[in-house]
Each structure stands twice: as structure tokens, then as C-alpha cells.
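A closer look at the structure
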Amino acid sequence: MCLVDEKMFPTQSSSSSRFFLRIFFVVSVVSEGIGNGLANGWFDAHATFYGANQSPSTLGGACGYDNTVHAGFGVNTAAVSGALFRQGEACGACYLVMCNYRLDPKWCLRRGAAVTITATNFCPPNNNGGWCDPPRQHFDMSMPAFLHIARQGNEGIVPVLYKKISCKRRGGVHFTLKGESNFNMIMISNVGGSGDVRAAWIKGSRTKTWVAMHRNWGANWQSSVDLRSQNLSFKLTLVDGKTLEFYNVVPSTWQFGQTFASDNQFS
């Protein structure tokens, strides 16, 4: 474990035929779109961007990340509509987003321009036909992420294709200790693999069994067990079913407000 420094962060002809078929498929996906979004994991959606203020401290939103750079996500982030947010379960998930050039060549950048974003916020519905109203799937992206795939202009909204992908993170999973007394709030970030946490457990060095935690909001999980002056271990299960145990990540001298990184990571 380590304490995280917040300042860092066949025949030749048949082979050729198969090669050209693969190229043809990729070009078809990029230039023609995915129709109803059921080909190779791609889906249709729309994207907007939410302003010029790109301070990492403003991008964590409804997931509760204090700083998206410190959390391991950088500034390529997005607030997602309820259909994707899943009451906070999507926090930390990664998506590959591509502007649908076939539908909007005026505002989309070149064919194939794509960006990987992390879900860090919730785009609320206005219940009046808004882009984030259910059942629409929508990405309200940070401006740096949006400008990877589209031109900045007056339109402000573009059709996109997206697919959920595995998150590639630097270093281990981060555990930030919040709360007070016997109320433990753990913010979990920098999660690899599917990135979205479905279940979490905590165990102290004097605790015999894993104690289930409950999602308080976004990426923040809570328990009411007094674990002060104990080494802390964690167990996480992701939405894709993968489970990892993180033993003695936090030393017994821990204090609220500190962040610790594990040595292991989801792949």
C-alpha cells in the first residue's frame, strides 16, 4: 500500500482477403454508423459539453469525486443520463465515444475520431423532453473531451456512437477515508476493469469477517463499524462480476481525509 500524494498524478491471397474484410467492417462502422446500435457493442446516443470551467474539482459531481485528476480520471469525463447512471453504479465506468460523422458531418470531426471518457457525474432530467430525460442515453462531456470528437460551435449537440470498454488505470485502486468516529465513508476511485463497483466490503485487522458496505452516494461507500486504530482491508466486486481483495491497504495510523492506493488492480 502507499499514501497517495494529491500533487501527483493460410495462403497469401486468403490472408489478404480477410485483412480487407476487416478494414471494410471498421470503415463501415465509422462512416455509416451502427443503425440501432446493436453491432459489436456500439450504441447510439447524443453528446453535449458543459461549459469552459474545467477545474478537476468541478467534474466529480454526483459521483462525489473531490478531484478527477487525483481520482485518476483526468479531465476527459462526462455526466451521463439516468439510463446510463444507474443510481450511481456507473461512477468510474469507461466509454469510448465517437461522433457520428454520417449523421452530422458539419460538426463532427474526421471519421473515426473518438475519445475515452469516465463517468463522473449525473445529467439530470428536466422532464420536458430534454436530452437527459429517460430513456435517452446521453453524455454531457467536459469541454476537452467533447473537442476530441466535435468542433466547437453554436450547435452544441452532436449524435454519437458509444461502447462500454475496460478502464486502463495507472497504479492501484484508491481508497479515500471520510467520515468521523465510527461512521466510515470510503470514496473508491481509480478502479480498472469495468470501473463500476457493484459491491464493497471492509475489514479491520481485529475484525474476523468482511463487513458489507452500502453505497451512500456515487462512489462513496459507508459502514458504521468502529475501525479506528486498525489496519484496513477492502473487497470489491465490479458490475462485470470480477472480485478482488485488497489486504492491509490502510495502516493503523490512518486519519480521516487521507487517500491510500493498493498494490493490485483490476485488469
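Data block above holds the structure.
Report on the accompanying structure. (Residues numbered from 1 in each chain as written. Predicted model: local features only at pLDDT ≥ 70, side-chain atom pairs only at ≥ 80, totals over all residues. Heavy atoms only, no water.)

With that settled, consider the overall build of the chain. Looking only at helices and strands, the chain features three helices and 16 strands. Here the chain holds 267 residues, and 46% of them are scored as buried. (Helix = DSSP H or I, 4+ residues; strand = E, 2+ residues; numbered from the N terminus. Buried < 20%, exposed > 50% of the residue type's maximum accessible area, 1.4 Å probe, protein only.)

All right, on to the side chain of H174 then. Along the polypeptide, H174 turns up in strand β8 (residues 174–180). On the basis of relative accessible area, H174 is assigned to the buried category, the value being 3%. Polar side-chain contacts of H174 include one of 3.4 Å to the backbone oxygen of H70. (Polar contact = N/O pair within 3.5 Å; in protein donor to acceptor, adjacent residues only side chain to side chain.)

Counting 32 residues, the largest nonpolar core has Y95, V97, I117, F139 and M141 as its most contacted members. Other than its neighbours up to four places away in sequence, M141 contacts A47, T48, F49, Y50, T77, A78, V97, V115, I117, F146 and I149. Judged by nonpolar contacts, the second largest core, of 22 residues, contains V173, L238, F246 and F260. (Core = buried A, V, L, I, M, F, W, Y, C linked by side-chain atoms within 4.5 Å. Contact = heavy atoms within 4.5 Å.)

Moving on to the sheet that holds strand β5 (residues 114–122). The strand order around the closed barrel formed by six strands is β2-β6-β3-β5-β4-β7, and the pairing between neighbours is mixed. Going from strand to strand, the sheet's axes swing by 45° on average, the running direction of each strand aside. Where strand β3 (residues 77–80) and β5 come together, four bridges link them in parallel fashion. Across the sheet, A78 pairs through a bridge with A119, a residue of β5. (Pairing = 2+ DSSP bridges. Axes fitted to C-alpha atoms, helices over the stretch in contact; angles between N-to-C directions.)

Applying the stated rule across the entire model yields six salt bridges. The partner of E89 in a salt bridge is R86, with the nearest N and O atoms 3.0 Å apart. By relative accessible area, which is 31% here, R86 ends up partly exposed. A salt bridge links R198 to E89, with the shortest nitrogen-to-oxygen separation between them at 3.1 Å. Of this pair, R198 sits in strand β10 (residues 197–204) while E89 sits in the loop between α2 (82–85) and β4 (94–99); the two residues are 109 residues apart in sequence, bridging distant segments of the chain. What makes R198 partly exposed here is its relative accessible area of 45%. Residue E89 is classed as buried on the basis of its relative accessible area of 16%. Look at the salt bridges and you will find they share partners, linking R86, E89, K164, D196 and R198 into a network. (Salt bridge = Lys/Arg side-chain N within 4 Å of Asp/Glu carboxyl O.)

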